[in-house]
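The chain contents come next:
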Amino acid sequence: MLKPISVVVVGLVLAAWGLSLPAAEYNTSAKKTPLITWTGKADPFSQSKLEPTALAKVIDHSLTEDLAASDDTNKVLTFSKRASDEVFLRRVYLDFIGHNPTADEVTTFVLDPAKDKRDKLIVKLLDDPRFGENWGRYWRDVIMYRRQEDRAMLVQPALTDYLTEQFNKNTPWDAIARSFMTADGDVKDNGATGIIMAQNGMTSDITSEISRIFLGVQIQCANCHDHKTDRWKREQFHQLAAFFPRVALKPDNAGEKRTFVVSGNDNPIRRVNPKMANRPVGSPEHFMPDLKHPESEGTKMQPVFFLTGQNLPFGTPDAQRRETIAKWITDPRDEWFAKAFVNRIWAELVGEGFYNPIDDLGPDRTCSAPKTMEILGHEFADSRFDIKRLFHIIADTEAYQRDSRSRRKPDEMPFAANCPERLRGDEVYDALVSALGANEDMPALRFAAADGAKGGKAAALLRSPRNQFDQVFGYDPSAPRDEVTGSIPQALLMMNGPQINRAITGFRPGGGTLGQLLNSTSDNEAVATELYLRCLGREPNKAELQTCVDHVKKTSNRTTGFEDVLWALINSTEFLQRR
């Protein structure tokens, strides 16, 4: 039983977490002590003692203080009201497991009088195997959308399976991150090779993505010049790259399958020209190119972690280099590792990050709620990077459970409401499958051009209906959401696509949702209500219900009339978004 938290406890916790970053300083020397550290917590390895529901109240309290402190107009802060049960239910289903609730689940939840039903539902969804599937696909997209070439798609099935398993097991985030930085083996067997394969084994690109994904620090500009808006220097980028020069990506055509293998290469080929430093075959050391004399060898770089100054000597073997930098990056005392994950998950659930874009943090960036960011970041690190616990805390906050509004203007207060989100490609597909009463391999949704193609598991998955919907509706999860818009191919697929037309027909053999409904009841209002529940997770209001019934009456055929209703629902903005 969760215990109510008192105002006194909230105050004590906030006081204990009265943290602040030290004055921003920086030193490029590898020999000096780190200057960017997380301070204010006596023991970064201690476990938080508060329940998620209690911590959620702490977060809401802190967020209000942050917003009040940032507002110089002395206006009363105005937040959206709490979302209705129907809105919350569909939101948390899509956010956690990527599926719409069923009609029965909507009815049961709305009629449940229990005060703690939302918290119980959050706990239930965290244990649902679809939680791992949904977030595994999300992180697959984070890694794959910025791949260097399409051969990297070979790793996608194994990557998705690997991430799904880790999220369902609630493997700590630091362990998952380390596995990506230290991965070896066949890319078709080991999904943790995903980042290295996606970047084609290129040293500079691997370096950029590891910093962006796990630290939220975009240091890639410093590959060629000192960063224009951050403190990062070109030397620091190439010192970080010096942890990865020996990673080799080699084609393996010896067996029956054509694949690639990631391995460390401590006996690399002789480096005969500067460009070889970036070839995916492994180099003994990393050399920073001389931009004025590109024909020269460049500067041999020692492995140095730019955030702390920790370093390794020249000649260190590949395994030790990658294991060491993985350990340093995921150290609970590294604030940016914890904050990068917290900021991304908060943004996905609430609709806006504390830092925007969500993968661009760092000491030179502005945080919209610094104290709240500190509390959540510390809580995540203190829990030993417990992913499900973080989801639970955020979903229990009022910030998450507020009604939704359109994205705010730059001069409006952040976090006053939850923001609607366009569904990702996988979520659109799952929503269609559930709304139309189909299954994962739904033949009706298969693209005709994909039928009959040959190939192994990877090829089969890539030409699956799910993947093809993902190609049309998918987007880079790291992109600012106001840049994610609908497209003509999306509209054409949903409005005129033969796959959709085949799937919604009430005459389809086996019936599907619509055929079964029409066969089981002659009550048009009941059919219309059921379609709304399945597609939008709510009952129609009076006007909507009357519009549906009137339309069916006007058509010459009842089935055709309800096919029109179903078509209109799955083409609505509400269906393609979560509120």
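On a predicted model such as this, the values are computed, not experimentally measured, just so you know.

Considerations on the overall build of the chain
Moving on, step 1. Looking only at helices and strands, the chain has 25 helices and 7 strands in total.
Moving on, step 2. Partitioning the contacts of the chain with sequence separation of at least 6, the portion at a separation of at least 24 is 69%.

Thoughts on the environment of Phe 237
Moving on, step 1. Relative to the elements of secondary structure, Phe 237 occurs in helix H11 (residues 234-241).
Moving on, step 2. When the C-alpha positions of Phe 237 and Cys 221 are compared, they lie 8.6 Å apart, and in sequence the two are 16 residues distant.
Moving on, step 3. Apart from the residues lying within four places of it in its own chain, the contact partners of Phe 237 are Ser 204, Thr 207, Ser 208, Ile 219, Gln 220, Ala 222 and Asn 223.

A closer look at the environment of Asp 127
Moving on, step 1. Relative to the helices and strands, Asp 127 resides in the loop between helix H5 (117-126) and helix H6 (129-144).
Moving on, step 2. On a C-alpha basis, the gap between Asp 127 and Asn 168 in space is 7.5 Å, while along the polypeptide they are 41 residues apart.

What to know about the side chain of Lys 117
Moving on, step 1. Mapping Lys 117 onto the fold places it in helix H5.
Moving on, step 2. A polar atom in the side chain of Lys 117 sits 2.7 Å from the side chain of Asp 85.
Moving on, step 3. Here Asp 112 takes part through its backbone oxygen, which lies 2.8 Å from a polar atom of the side chain of Lys 117.
Moving on, step 4. Not counting chain neighbours up to four residues away, the residues in contact with Lys 117 comprise Asp 85, Phe 109, Val 110 and Asp 112.

Considerations on empty space enclosed by the protein
Moving on, step 1. In the structure shown here, the tally under the stated rule is 3 cavities of 30 Å³ or more.
Moving on, step 2. Approximately 130 Å³ is the volume found for the largest cavity.
Moving on, step 3. Looking at the lining of the largest cavity residue by residue, the class counts come to 5 nonpolar, 1 polar and 8 charged.

Here's the deal with helix H25 (residues 558-570)
Moving on, step 1. If you check H25, its first and last C-alpha atoms are 19 Å apart, about what 13 residues at 1.5 Å a residue would give, namely 18 Å.
Moving on, step 2. Buried within H25 we find Thr 559, Gly 561, Phe 562, Glu 563, Val 565, Leu 566, Leu 569 and Ile 570.
Moving on, step 3. Contact partners of the buried residues in H25: helix H17 (425-435), helix H20 (488-496), helix H21 (498-504), helix H22 (512-520), helix H23 (524-536) and helix H24 (542-554).
Moving on, step 4. Among the residues of H25, the N-terminal cap falls to Asn 557, whose side-chain oxygen and the backbone nitrogen of Thr 559 are separated by 2.8 Å.

Brief notes about the pairing of strand S3 (residues 259-264)
Moving on, step 1. Here strand S1 (residues 185-186) runs beside S3; their pairing, made up of 2 bridges, is antiparallel. From the neighbouring strand, Gly 185 faces S3, where its bridge partner is Val 262.
Moving on, step 2. Bridge analysis of strand S2 (residues 247-252) against S3 gives 6 bridges, and the strand direction is antiparallel. Of the residues in S3, the one forming a bridge with Val 247 is Gly 264.
Moving on, step 3. Counted between consecutive antiparallel strands, the loop separating S2 from S3 contains 6 residues.

A look at the confidence of the model for the chain
Moving on, step 1. Mean pLDDT over the chain works out to 85, with 84% of the residues at or above the 70 mark.
Moving on, step 2. Considering only residues more than four positions removed or in separate chains, one finds that residues 1-36, a stretch of pLDDT under 50, has 65 contacts.
Moving on, step 3. Below pLDDT 50 for its whole length, residues 447-453 participates in 8 contacts with residues either more than four positions away or in separate chains.

How each quantity is defined
Residues numbered from 1 in each chain as written. Predicted model: local features only at pLDDT ≥ 70, side-chain atom pairs only at ≥ 80, totals over all residues. Heavy atoms only, no water. Helix = DSSP H or I, 4+ residues; strand = E, 2+ residues; numbered from the N terminus. Contact = heavy atoms within 4.5 Å. Polar contact = N/O pair within 3.5 Å; in protein donor to acceptor, adjacent residues only side chain to side chain. 1 Å grid on protein atoms, 1.4 Å probe; cavity = no way out; pocket = protein on both sides within 12 Å on 5 of 7 lines; lining within 4 Å. Points joined across faces, edges and corners; volume = space filled by probe spheres on them. Nonpolar A, V, L, I, M, F, W, Y, C, P; charged D, E, K, R; others polar. Expected span 1.5 Å × (residues − 1). Buried < 20%, exposed > 50% of the residue type's maximum accessible area, 1.4 Å probe, protein only. Pairing = 2+ DSSP bridges. pLDDT = per-residue confidence, 0-100.

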